[in-house]
Amino acid sequence: MSLEGTIIKEGSTRLLVPPLISERGPGRVEGKVFFNRQMAFNRDVAVVMFRSVIQPRKCLDAMAATGARGVRICTEAPGEYRFLINDREPLAGEYIRENVRLNSIGNAEVGTADLRCLLTREVFDYIDLDPFGTPIPFLPAALQGMTRKGVLAVTATDTASLCGTHPGKCRRRYLANSQRSPFMHESGLRILIGTIVRMAAQEDRGISPLLCYYADHYFRLFLRVREGAAAADVALAQMGMMAYDRATGERRVGEGSMGPMWLGPLLDHGALAEAAAPEGLACPDRVERYLELWREELDVPFYYETDELAAMLGLSPPGRAELLRALGDKGRVSRTTFSLTGFRTDRPLEEVLEAFRSACQ
Ligand SMILES: C[S@@+](CC[C@H](N)C(=O)[O-])C[C@H]1O[C@@H](n2cnc3c(N)ncnc32)[C@H](O)[C@@H]1O
């Protein structure tokens, strides 16, 4: 069969993509095979993780569409692993086959199974889920299909329900309360991680984040999965609720009605210490910038927004450098990948407000 489309280059990989593709946002499903150009950054980060952080042996790109992610990893992060690049849509299977051929990949197979059937027959130590919207329907199968120690990677684009725009949907899907707030992308991400922690615990498995982040219009998670009741208990101990008071800006962790959610670290600083951006990525500057911020970012929930504090205090936002300096005089402070104008600090709210006022003078 001759396939329609164009050959593009993403990173150092050649990809045949269908004639109708999405350029930005969650993307529209235009035909039977989906490709979103904006997800190049998401795929770049997967390449970095394979090159520097994770060394799986048997990998599954479970919802691959054109195969862009699996094919890029095999091409740009070569290793001793086998990759099954799968999509249940038969036409997608044709694109994947062509993309494997175009890049002369020798360690990949192509599948066209429903991942929920596939994962009752085979286990993998890296599974990547990249659905349209919520990953919830696919998580039980993915957890069942993991080896005793593995990495589960998940993309979720249903940020509106997780971030409080549709709290009812969040309660039904994630069994958690969400709320709109200046840091809603962080609370949404933590609710998503928390849901997976609770699902895994039901199977005596523990989850710990290797790297979890928000970018553009989606959440992306790389989670280490460990077998055993003790690992499950360790993960559950890092779950909890939080409260946000819009009038005072106060964030109270461990009480309140938002959640349950993951309150532990969002990334493993030790694992990411050596992560480096190789030559030839699709968005090298952005990857470098994020790697620098992830290494710097404090493990303190929840970040503050400069505009939020300025509005509360009736002040104009101070210069960024002055604010970070004033906060740094009081305690630890870092930037955050969640927002260009956000920051994290280990100081209590009164000291944050005091530093804010002094930076405004
Ligand atoms: C958002 S697209 C994946 C995009 C792709 N990972 C990329 O980087 O370009 C979601 C894909 O999941 C596939 N899919 C949906 N349900 C599935 C299932 N149960 N098993 C396998 N594939 C499925 C769809 O056919 C679709 O191609």
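Scroll up to find the structure this text is about.
Residues numbered from 1 in each chain as written. Predicted model: local features only at pLDDT ≥ 70, side-chain atom pairs only at ≥ 80, totals over all residues. Heavy atoms only, no water.

### Notes on the overall build of the chain
- When its secondary structure is counted, the chain shows 14 helices and 15 strands.
- Rg of the C-alpha trace for the chain: 21 Å, near the compact-globule value of 21 Å for 361 residues, within the 12% margin.
- Taking all 361 residues of the chain together, 56% fall into the buried category.
- In the chain, the share of contacts with a sequence separation of at least 24, taken over all contacts with a separation of at least 6, comes to 65%.
- Carbon and sulfur atoms form 49% of the exposed surface of the chain, whose accessible area is close to 15,200 Å².
- The chain carries 45 positive and 46 negative side-chain charges, and their two centres are separated by 3 Å. (Helix = DSSP H or I, 4+ residues; strand = E, 2+ residues; numbered from the N terminus. Rg over C-alpha atoms; globule rule 2.2 N^0.38 Å. Buried < 20%, exposed > 50% of the residue type's maximum accessible area, 1.4 Å probe, protein only. Contact = heavy atoms within 4.5 Å. Areas by Shrake-Rupley, 256 points an atom, 1.4 Å probe, with all protein chains shown as cover. Lys, Arg positive; Asp, Glu negative; His and termini not counted. Charge placed at Lys NZ, Arg CZ, Asp CG, Glu CD.)

### Overview of the site of the ligand
- In the neighbourhood of the ligand, 18 residues make up the surrounding shell, with Arg 43, Met 63, Asp 87, Leu 115 and Asp 130 lying closest.
- Between the ligand and Arg 43 there is a distance of 2.9 Å, counted from an oxygen atom to a side-chain nitrogen or oxygen.
- One of the backbone nitrogen or oxygen atoms of Leu 115 is found 2.9 Å away from a nitrogen atom of the ligand.
- Here the ligand loses 94% of its free accessible area of 610 Å² to cover by the protein chains. (Near = heavy atom within 4 Å. Polar contact = N/O pair within 3.5 Å; in protein donor to acceptor, adjacent residues only side chain to side chain.)

### Re the packing of helix 13 (residues 320-330) against helix 14 (residues 349-360)
- The interhelical angle for the contact between helix 13 and helix 14, taken along N-to-C directions, is 135 degrees, at an axis separation of 8 Å. Between helix 13 and helix 14, the interaxial angle falls into the category oblique. You can see that helix 13 and helix 14 cross each other, and the crossing is right-handed. Residues Glu 322, Leu 323, Ala 326, Leu 327 and Lys 330 of helix 13 pack against Glu 351, Val 352, Glu 354, Ala 355, Phe 356, Ser 358 and Ala 359 of helix 14. (Axes fitted to C-alpha atoms, helices over the stretch in contact; angles between N-to-C directions. Parallel < 35°, antiparallel > 145°, perpendicular 65-115°, else oblique. Left-handed = near helix turned anticlockwise from the far one by under 90°.)

### As for the pattern of salt bridges
- On inspection of all chains with the given rule, the structure shows 27 salt bridges.
- Taking the shortest distance from any N to any O, the salt bridge between Glu 10 and Arg 43 comes out at 2.7 Å. Remark: Arg 43 occurs in helix 1 (residues 40-52) and Glu 10 occurs in strand 1 (residues 6-10); sequence separation between them is 33 residues.
- Of the residues examined, Arg 43 reaches a relative accessible area of 7% and is grouped as buried. (Salt bridge = Lys/Arg side-chain N within 4 Å of Asp/Glu carboxyl O.)

### Digging into the sheet that holds strand 14 (residues 333-336)
- Strands sit in the order 13-15-14 across an open sheet of three strands; the sheet is antiparallel. Because the sheet does not close on itself, it has two edges, and the strands there are strand 13 (304-305) and strand 14.
- Relative to strand 15 (residues 339-345), strand 13 runs antiparallel, the two sharing two bridges. When the bridges of strand 15 are listed, Tyr 304 appears paired with Phe 343.
- Docked against the sheet, helix 13 engages strand 14 and strand 15, running at close to 10 degrees with respect to strand 15. (Pairing = 2+ DSSP bridges.)

### Regarding the environment of Ala 277
- Structurally, Ala 277 can be placed in the loop between helix 10 (269-272) and helix 11 (284-296).
- Sequence separation between Ala 277 and Val 48 is 229 residues; the distance between their C-alpha atoms is 6.1 Å.
- In this structure, Ala 277 is in contact with Val 48, Val 287, Glu 288 and Leu 291, ignoring residues within four places of it in sequence.

### Concerning the state of the cysteines
- Applying the stated criterion across every chain, the model contains zero disulfides.
- The cysteine Cys 163 is free of any disulfide, with Cys 170 supplying the nearest cysteine sulfur at 8.7 Å.
- The exposure class assigned to Cys 170 is buried, which follows from its relative accessible area of 0%. (Disulfide = S-S within 2.5 Å.)

### So, the sheet that holds strand 10 (residues 239-244)
- One open sheet accounts for three strands, arranged 11-10-12; its pairing is antiparallel. Edge positions in the open sheet fall to strand 11 (251-253) and strand 12 (258-262), since each of these has one partner strand only. Strand-to-strand, the axes of this sheet are offset by a mean angle of 30 degrees, without reference to chain direction.
- Where strand 10 and strand 11 come together, three bridges link them in antiparallel fashion. Considered in strand 11, the bridge of Met 242 is made with Val 253.

### Brief notes about the side chain of Thr 155
- Counting through the fold element by element, Thr 155 comes out in strand 7 (residues 146-156).
- You can call Thr 155 buried: its relative accessible area is 0%.
- Among the polar contacts made by the side chain of Thr 155, one reaches the side chain of Arg 220 at a distance of 2.9 Å.
- Ignoring anything within four residues of it in the chain, the contact list for Thr 155 reads Met 39, Asn 42, Arg 69, Leu 129, Asp 130, Pro 131, Gly 133, Pro 135, Tyr 218, Phe 219 and Arg 220.

### Description of the nonpolar core
- Counting 55 residues, the largest nonpolar core has Ile 127, Leu 129, Leu 152, Ile 193, Ile 196, Phe 219 and Leu 221 as the members making the most contacts within it.
- It is helix 8 (residues 184-202) that contributes the most residues to this core, nine residues altogether.
- Val 17, Ile 54, Val 71 and Ala 275 belong to the second-largest nonpolar core, a separate cluster that totals 45 residues. (Core = buried A, V, L, I, M, F, W, Y, C linked by side-chain atoms within 4.5 Å.)

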